[in-house]
Amino acid sequence: MGLQAPATSRVDTALGIGGRRKFYPWIVFALAFGLLLSDYMSRQVLSAVFPILKADWDLSDSHLASLSSVVALMVGLLTFPLSLLADRWGRVKSLILMAVLWSAATLLCAIAQTYEQMLGARFLVGVGEAAYGSVGIAVVLSVFAPRVHAALAGAFMAGGSFGSVIGVAIGGFIAVQFSWRWSFAAMAIFGLILVALFRALVTEKKLAACAVEAAPDAAGEAVRHDGFRAPVSSLFTNPAVLFAYIGGGLQMFTAAVLLAWLPSFFNRYYDLAPDKAGVTASVFVLLVGSGMVVCGFITDRFSRDDSARKWTTAIVYCAISLVTLSIGLRLGTGTAQLVLLGIGAFFSAGSSGPTAAMVANLTHHSIRASAMGTLTVANNLLGLALGPFVVGILADHLGLLGALQLSPFVYVVAALALIAGKRAYPAGMRRLATLQKGPESLSATEVTDVRSS
């Protein structure tokens, strides 16, 4: 009697990825990362053309801020429900639909004739981008072994900053050489090309085959306890998780301010043309993204023997940014200011990796994607949407520099939330251990929640 071929090999052969399965996860990562770049390029290209729109349409800073924040607001409001929908409808189909929508909406921005039309188009950009981060990272992590998840998660999340760099730099260049309308059109075309490639190369069946190959034990874990899924309410009943959401969201406040307002800062206070201001700002945005990756690696190494140290590193990153940005924004223009702003930018979002790791550590595996979606909601509502908008409102009364000088103090609140999270962490891990025992460990209310979900 001959040996039977392993199930995974038979699946690989049937799907045509057998010999290429080692490379297929990297294809998925490259395409998903590329779409993330498109996501943030479409979102942040607006910052590069702020000075031009302000002059052409006679807009106030609060009007400009609303065009930026409406995208993050929609992301914050819709990420969680759309992430749940994607888990049920299909992640690949959902990602394709999202990318088509934000690319088409970016094209509408290119032909907008009034502030109101631009605001409507930016609203649609936000709807399209809402759940891409949480669903995209779930797709990427599903085809890689768990031992590389932390590094991949950090790199994927940093893609937002890299996309912002590209969007601001290229958008500013195109706006000066051609027009601001072509800046939006170029981002839309890039997104649609990537959608076509993703649609041609990524399918649910191929993802499933690679997922079994990458983590066969995880598949067994997922169906343990007769298909038990943790109640959705457990995303909000663990105090340590709640503090991670709050601290993670607030630490993005000032980082979002830098992403949105640095081009205008260099335009107004360093007398740089919009294209040069965009290029200069892109260097600092690149520092934000690089800091997310490097701080993630530092955190993993520092917390190798004690996972609670991730909270400590997140608090330290907040403190560094608070000090350097507060001092830097009060100095006169020049080298010293640029150096301090660069250091502050590098650490400004450094807590994002540690907080994401804490959320993952403290939530049941069956709802981990939803947990990441909830963290994305917090990042957007407390940081990416709130930061640029608040600074825009303050800038109308205090001037842009005065508003920017106040923004780093949000790190104080973020650090306090992270300190509280660290104190609640041991109890949170005990709560998770109880939940992992299965339905028999739940209360009657939680069992009802499980059945309804």
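Residues numbered from 1 in each chain as written. Predicted model: local features only at pLDDT ≥ 70, side-chain atom pairs only at ≥ 80, totals over all residues. Heavy atoms only, no water.

> Outline the overall build of the chain, supporting the account with residue identities and numerical values.
The number of helices and strands found in the chain is 22 helices and zero strands. Counting the 453 residues in the chain, one finds 54% classified as buried. Put simply, 82% of the contacts in the chain that link residues at least 6 apart link residues at least 24 apart. Surface exposure of the chain reaches about 18,700 Å², of which carbon and sulfur atoms provide 68%. (Helix = DSSP H or I, 4+ residues; strand = E, 2+ residues; numbered from the N terminus. Buried < 20%, exposed > 50% of the residue type's maximum accessible area, 1.4 Å probe, protein only. Contact = heavy atoms within 4.5 Å. Areas by Shrake-Rupley, 256 points an atom, 1.4 Å probe, with all protein chains shown as cover.)

> How would you sum up a nonpolar patch on the surface? Please name residues and give values.
Taken together, the side chains of L398, L406, F409, V412, V413, L416 and I419 present a nonpolar region at the surface, about 610 Å² in accessible area. By residue number, the principal contributor to the nonpolar patch is helix α21 (residues 410-435), which donates four residues. You can see V412 is positioned in helix α21. Relative accessible area serves as the criterion here: at 38%, V412 is assigned to the partly exposed category. (Patch = residues over 30% accessible without salt bridge, like charges linked within 9 Å, V, L, I, M, F, W, Y side chains within 5 Å. Salt bridge = Lys/Arg side-chain N within 4 Å of Asp/Glu carboxyl O.)

> An account of the confidence of the model for the chain is requested, with residue identities and associated values reported.
Per-residue confidence for the chain gives a mean pLDDT of 80, with 84% of residues at or over 70. Within the model, the stretch residues 1-19 combines pLDDT values under 50 with 16 contacts to residues more than four positions away or in other chains. Across residues 444-453 the pLDDT falls below 50, and counting only partners more than four positions away or on other chains, this stretch makes 13 contacts in the model. (pLDDT = per-residue confidence, 0-100.)

> I'd like a description of the pattern of salt bridges, backed by residues and values.
Scanning the entire structure with this criterion turns up two salt bridges. Across the salt bridge formed by R43 and D39, the nearest N and O atoms sit 3.8 Å from each other. Linking R43 with D39, this pair stays in helix α2 (residues 24-48), spanning four residues, or about one helical turn. Take R43: its relative accessible area is 6%, and that puts it in the buried class. Where E129 meets R43, a salt bridge forms, and the shortest distance between an N and an O atom there is 3.1 Å. In this pair, E129 is assigned in helix α6 (residues 115-129) and R43 in helix α2, connecting sequence segments 86 residues apart. For E129, a relative accessible area of 1% corresponds to the buried category.

> How would you sum up the packing of helix α5 (residues 91-111) against helix α7 (residues 132-142)? Please name residues and give values.
In helix packing, the relevant descriptors are the interaxial angle and the interaxial distance, both defined with respect to the helix axes. Where α5 contacts α7, the two axes come as close as 10 Å, and the packing angle between them is 140°. Compared by their axis directions, α5 and α7 come out oblique. Remark: the crossing between α5 and α7 carries left-handed chirality. Taking contact as the criterion, the partners of R91, L95, M98 and W102 in α5 are, on α7, Y132, V135, G136, A138 and V139. Partitioning the contact of α5 with α7 into residue classes produces seven nonpolar, one polar and one charged. (Axes fitted to C-alpha atoms, helices over the stretch in contact; angles between N-to-C directions. Parallel < 35°, antiparallel > 145°, perpendicular 65-115°, else oblique. Left-handed = near helix turned anticlockwise from the far one by under 90°. Nonpolar A, V, L, I, M, F, W, Y, C, P; charged D, E, K, R; others polar.)

> So what's going on with the environment of V195? Which residues, and what values?
Following the sequence through the fold, V195 ends up in helix α9 (residues 180-201). On the basis of relative accessibility, which here comes to 8%, the residue V195 falls in the buried class. Placed 99 residues apart in sequence, V195 and I96 show a C-alpha to C-alpha distance of 6.2 Å. In contact with V195, not counting residues within four places along its chain, are L35, I96, A99 and V100.

> Account for the side chain of K310, with residues named and values stated.
Looking at the element boundaries, K310 is found in helix α15 (residues 309-328). Judged by its relative accessible area of 10%, K310 falls in the buried class. Ignoring any residue separated from it by four or fewer positions in sequence, one finds K310 in contact with T299, D300, S303, P354, A357 and M358.

> If you had to explain the packing of α2 against helix α3 (residues 50-57) to someone new, which residues and values would you point to?
Taken N-terminus to C-terminus, the directions of α2 and α3 make an angle of 60°; their axes are 5 Å apart at the nearest point. By the criterion of interaxial angle, the relationship of α2 to α3 is oblique. Only F50, P51 and L53 of α3 make contact with α2, whose side of the interface consists of L46, S47 and A48. Looking at the contact of α2 with α3, its residues break down into five nonpolar, one polar and no charged.

> Can you tell me about the environment of D300, naming the residues and giving the values?
Among the secondary structure elements, D300 is positioned in helix α14 (residues 274-302). Owing to a relative accessible area of 29%, D300 belongs among the partly exposed residues under this scheme. Sequence-wise, D300 and G353 are 53 residues apart; in three dimensions their C-alpha atoms are separated by 9.3 Å.

> Residue-level account of α21, with values.
The sharpest bend along α21 measures roughly 50° and falls at Y425, with the proline P426 sitting one to four residues further on. Taken as a whole, α21 has its buried residues at V410, Y411, A414, A415, A417, L418, G421, A424, Y425, G428, L432 and L435. (Bend = angle between axes of the 7 residues up to and from the residue.)

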